[in-house]
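Topology and contacts: notes
What follows is each chain in one-letter form.
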Amino acid sequence: MVELITSREKLVNYLESSQLSRGLVPTMGNLHQGHLTLIKESINENDLTVVTIFVNPKQFGPNEDFDKYPRTLEADLDAIRSIDKALDKNVIVFAPEKIEDIYPEGFSSTISVHGFDQILCAKDRPGHFDGVTTVVYILFNLIKARRAYFGLKDFQQTLIIRKMVKDLMIPIEIKLVEIVRDSNGLALSSRNKYLDLKQKEEALTLTKSIKKLKDSLLKSGIKDTIKMKDDILEDKRFVYLDILDANNLHPLDDRSKEAVIAGAIMIGTTRLIDNTLVSLNVR
Ligand code: AMP
């Protein structure tokens, strides 16, 4: 059964009367197959799944798309109901109507995880990850799930959340889910809604560049691949493109076991991200 809850009070009441083990899937809505994959995993692994839908103002910069971000609650509920198992397992969709149900009046706290500043998305989106960790911490506190599900599409976010959980000793298991792509290879994103067909084609520049760098890293090694990356970055649509140690987002060194190749690109006014992991064990 899929049940919509729109107030914090009702959610707390529901959770207080339920002993079922919980999985949490935090989202900003406008659900696509990427989100649905996270939700399916949670349904498979937990008795109760709580999907949160909240477009979090704290993770948007002043010139970003908070106002126009797609809000499609009815379609999102239908999408969740279309998951077979959602019907015989318990699924709560928590979509708070009032912002005070997440940030009480006069809210003045921030959860800040350091060590990943000035790299990848942190560079051009100052304050973004503080907004993410603050809302995720609140959701962890509110829902007290046993497991929480996050997509590897937001790779830097997964590292930051795992670090927050470790540092603050939050009793929750973080589960990571592979990037879900369309048939052309474009990583699914709610922001793909802003693109027309031609722009979707153009957006593949990011995916293809990352793939090219991965092939080069495996075949020719880091030095040649960094040169290739710098050439690609001549294309000013790229916000960043980097090859880093996937464990800590430091530059690769001899001890690195896995690399992440991550990039962001502007297609018109739409900012898209993508990444891939590369195992370096074979060296
Ligand atoms: P969002 O609604 O964009 O905040 O995303 C909610 C969750 O879905 C995050 O953990 C994202 O990493 C994850 N997600 C978004 N797009 C994808 C995708 N294409 N594949 C896998 N997970 C995704």
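Residue positions within a chain follow its written sequence, with the count starting from 1. Per-residue local features are limited, in this predicted model, to residues with pLDDT of at least 70; the limit for side-chain atom pairs, both in listing and counting, is 80 or more; totals at the level of whole chains, interfaces and linings are taken over all residues. With hydrogens and water set aside, each side-chain value is computed from the structure's full complement of heavy atoms.

**Some thoughts on the side chain of aspartate 274**
- Mapping aspartate 274 onto the fold places it in strand E9 (residues 270–279).
- Relative accessibility thresholds used throughout: buried, under 20% of the residue-type maximum; exposed, over 50%; partly exposed, between the two (1.4 Å probe, protein chains only). On the basis of relative accessibility, which here comes to 4%, the residue aspartate 274 falls in the buried class.
- Whenever a nitrogen or oxygen atom comes within 3.5 Å of another N or O atom, the pair is scored as a polar contact, on the condition that within protein one atom can donate a hydrogen and the other can accept it, and that pairs from neighbouring residues in sequence are kept only if both atoms are in side chains. A polar side-chain atom of aspartate 274 sits 2.9 Å from a polar atom in the side chain of arginine 181.
- Here the side chain of aspartate 274 touches threonine 207 through a polar contact of 3.4 Å, side chain to side chain.
- By definition in these notes, contact holds between two residues if any of their heavy atoms fall within 4.5 Å. Excluding residues within four positions of it along the chain, aspartate 274 makes contact with Ile179, Arg181, Ala187, Leu206, Thr207, Ile210, Ile261, Ala262 and Gly263. In DSSP terms, a helix is any run of H or I states spanning at least four residues, a strand is any run of E spanning at least two, and both are numbered starting from the N terminus.

**Regarding the site of the ligand**
- Here a residue is considered near a molecule or strand provided that any single heavy atom belonging to it is located within 4 Å of it. Taken together, 17 residues lie near the ligand, and His35, Gly151, Asp154, Val180 and Leu188 sit nearest.
- Within the contact set of the ligand, an oxygen atom lies 2.9 Å away from a backbone nitrogen or oxygen of methionine 28.
- Between a nitrogen atom of the ligand and a main-chain N or O atom of leucine 188, the distance comes to 2.9 Å.
- Here the Shrake-Rupley method, with its probe set to 1.4 Å, supplies the accessible areas, and only the displayed protein chains count as covering residues. About the coverage of the ligand: the protein hides 91% of its 490 Å² of free accessible area.
- Those elements giving two or more residues to the shell around the ligand turn out to be strand E2 (22–27), helix H2 (33–45) and strand E5 (147–151).
- Considering every element that reaches the shell around the ligand, the biggest residue donor is H2, with three residues.
- For this classification, Asp, Glu, Lys and Arg are treated as charged, while Ala, Val, Leu, Ile, Met, Phe, Trp, Tyr, Cys and Pro are nonpolar and the rest, including Gly, are polar. By residue class, the composition of the shell around the ligand is eight nonpolar, six polar and three charged.

**Let's talk about helix H6 (residues 155–167)**
- When the terminal C-alpha atoms of H6 are compared, their 19 Å separation across 13 residues agrees well with the 18 Å that a helix rising 1.5 Å per residue should span.
- Taken together, the buried positions of H6 are occupied by Phe155, Gln156, Gln157, Thr158, Leu159, Ile160, Ile161, Met164 and Val165.
- Here the buried face of H6 lies against helix H4 (121–124), helix H5 (128–143), E5, strand E6 (173–177), strand E8 (258–267) and E9.
- Immediately downstream of H6, the backbone of methionine 169 shows phi near 50°, a positive value. Helix span is expected to be 1.5 Å times the residue number reduced by one.

**Thoughts on the pattern of salt bridges**
- By definition, a salt bridge exists where a carboxyl oxygen of Asp or Glu is found within 4 Å of a side-chain nitrogen of Lys or Arg. Applying the stated rule across the entire model yields 16 salt bridges.
- For glutamate 173, the salt bridge identified is with arginine 147, shortest N-O distance 3.4 Å. Placement of glutamate 173 in strand E6 and of arginine 147 in strand E5 is noted, with a sequence separation of 26 residues between them.
- We note a salt bridge from arginine 237 to aspartate 235, for which the minimum N-O separation is 2.7 Å.
- The exposure class assigned to arginine 237 is partly exposed, which follows from its relative accessible area of 28%.
- Using a relative accessible area of 22% as the deciding quantity, one classes aspartate 235 as partly exposed.
- The structure contains a network of salt bridges with shared partners spanning Glu45, Arg147, Glu173 and Lys175.

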